[in-house]
Structures are given as C-alpha cells and as structure tokens.
Amino acid sequence: MPCANTEPLDNYEASDKIYGKYARKGREVLDRARGEGKLRNDGFDFVLVDGRHRDACLKEALNHNMVRSDYGLLLLDNAERMYYRAPDEIPAHWLIVSYVNAVDETTLWMSCPD
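Residues numbered from 1 in each chain as written. Predicted model: local features only at pLDDT ≥ 70, side-chain atom pairs only at ≥ 80, totals over all residues. Heavy atoms only, no water.

### Digging into the pairing of strand 4 (residues 105–110)
Burial runs high along strand 4: 5 of the 6 residues are buried. Note that strand 2 (residues 73–77) and strand 4 share 5 bridges and pair antiparallel. Its bridge partner lying in strand 4, L76 is registered against T107. Across 6 bridges, strand 3 (residues 95–100) lies against strand 4 in antiparallel orientation. Counterpart to I96 in the pairing with strand 4 is W109. Between strand 3 and strand 4, which pair antiparallel and follow one another directly, the connecting turn spans 4 residues. (Buried < 20%, exposed > 50% of the residue type's maximum accessible area, 1.4 Å probe, protein only. Helix = DSSP H or I, 4+ residues; strand = E, 2+ residues; numbered from the N terminus. Pairing = 2+ DSSP bridges.)

### Overview of the pattern of salt bridges
Inspection of every chain in the model, using the stated rule, returns 7 salt bridges. With a closest N to O distance of 2.9 Å, D70 and R68 form a salt bridge. Classification of D70 as partly exposed rests on a relative accessible area of 29%. Taking relative accessible area as the criterion, R68 reaches 24% and is therefore assigned partly exposed. (Salt bridge = Lys/Arg side-chain N within 4 Å of Asp/Glu carboxyl O.)

### Focus on helix 3 (residues 54–63)
Of all 10 residues making up helix 3, 9 are buried, and the element is well covered by its neighbours. Those residues of helix 3 that sit buried are R54, D55, A56, C57, L58, K59, E60, A61 and L62. Two residues or fewer past helix 3, N65 is found with a positive phi of approximately 50°.

### A look at the side chain of D77
Among the structural elements, D77 can be located in strand 2. R54 provides the closest opposite charge to the buried, salt-bridge-free D77, at an N-O distance of 4.1 Å. Ignoring any residue separated from it by four or fewer positions in sequence, one finds D77 in contact with V49, D50, R54, Y84, E105 and T106. (Lys, Arg positive; Asp, Glu negative; His and termini not counted. Contact = heavy atoms within 4.5 Å.)

### Focus on the confidence of the model for the protein
Across the protein, the average pLDDT comes to 81, with 84% of residues at 70 or higher. Segment residues 1–9 is flagged for pLDDT under 50; beyond a separation of four residues in sequence, or across chains, it makes 15 contacts in the model. (pLDDT = per-residue confidence, 0-100.)

### Notes on the sheet that holds strand 1 (residues 46–49)
Reading across the sheet, the 4 strands line up as 1-2-4-3 and stay open at both edges, with mixed pairing between neighbours. In this open sheet, the two edge strands, each paired with only one partner strand, are strand 1 and strand 3. Going from strand to strand, the sheet's axes swing by 15° on average, the running direction of each strand aside. Its contacts with the sheet put helix 3 on strand 1 and strand 2, and the angle it makes with strand 2 is roughly 170°. (Axes fitted to C-alpha atoms, helices over the stretch in contact; angles between N-to-C directions.)

### Here's the deal with the side chain of D55
Tracing the chain through its elements places D55 in helix 3. Notably, D55 is buried but unbridged: the nearest opposite-charge side chain belongs to K59, and the N-O separation is 4.5 Å. The residues touching D55, leaving out its near neighbours within four places in the chain, are Y84, R85, A86 and P87.

See below:
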C-alpha cells in the first residue's frame, strides 16, 4: 500500500486513518491461522516489526496477543528513533536485548511468563 506520508504522526488516531489497514494486517494473518487450526499456541513464535508505521504495528502486536506469551520473540528494527511510544507498553518482566551500531539500533524482546 503506497503511503505519501512516511513520517510518524503525533496523533495515533490520525495516523490510524492513514496506516490502520497496514498495521492490522498482522492481526488478519494471526486470526486466519487460528481459524484454520494452524496455530498450536496463543501467538506467533516470532514477530518482526519493520517498515512503515512501526509504532502502530508494535501496538497491534502487543494489544492483540500476536506474540506467544511464553518465550515468544518481538523484534523492532530502528528502535533508536525517539518517536516510538509503543515500547513503553511492553511488559517490564520481558527480557530485552538491543543491538547498536554506528547507524541504528535493533531491539529484541522475549516474552516471559509472569
């Protein structure tokens, strides 16, 4: 889906009008896998968030249990960007590792049971 605006918007609701369908695509895939019986656990083993509108995609993954609750992995590319707010919603008890180089940062979380 081509998008004219590539910068994040300050207002999540306004950005949802532009990128909402794009951000919800992962949920559609998950719901289809659950409906077809192809998913044996409560979420995906691995979710990679990269590309357009990462913040909304990360929120979708967190708010709709896309990441398996026991030791699922969630990776956010370009995590160094200061305007991402969704990482604040990741449970504090999840393990976190960040890979940083001179250009960017990639952050990986592992969901852990409470």
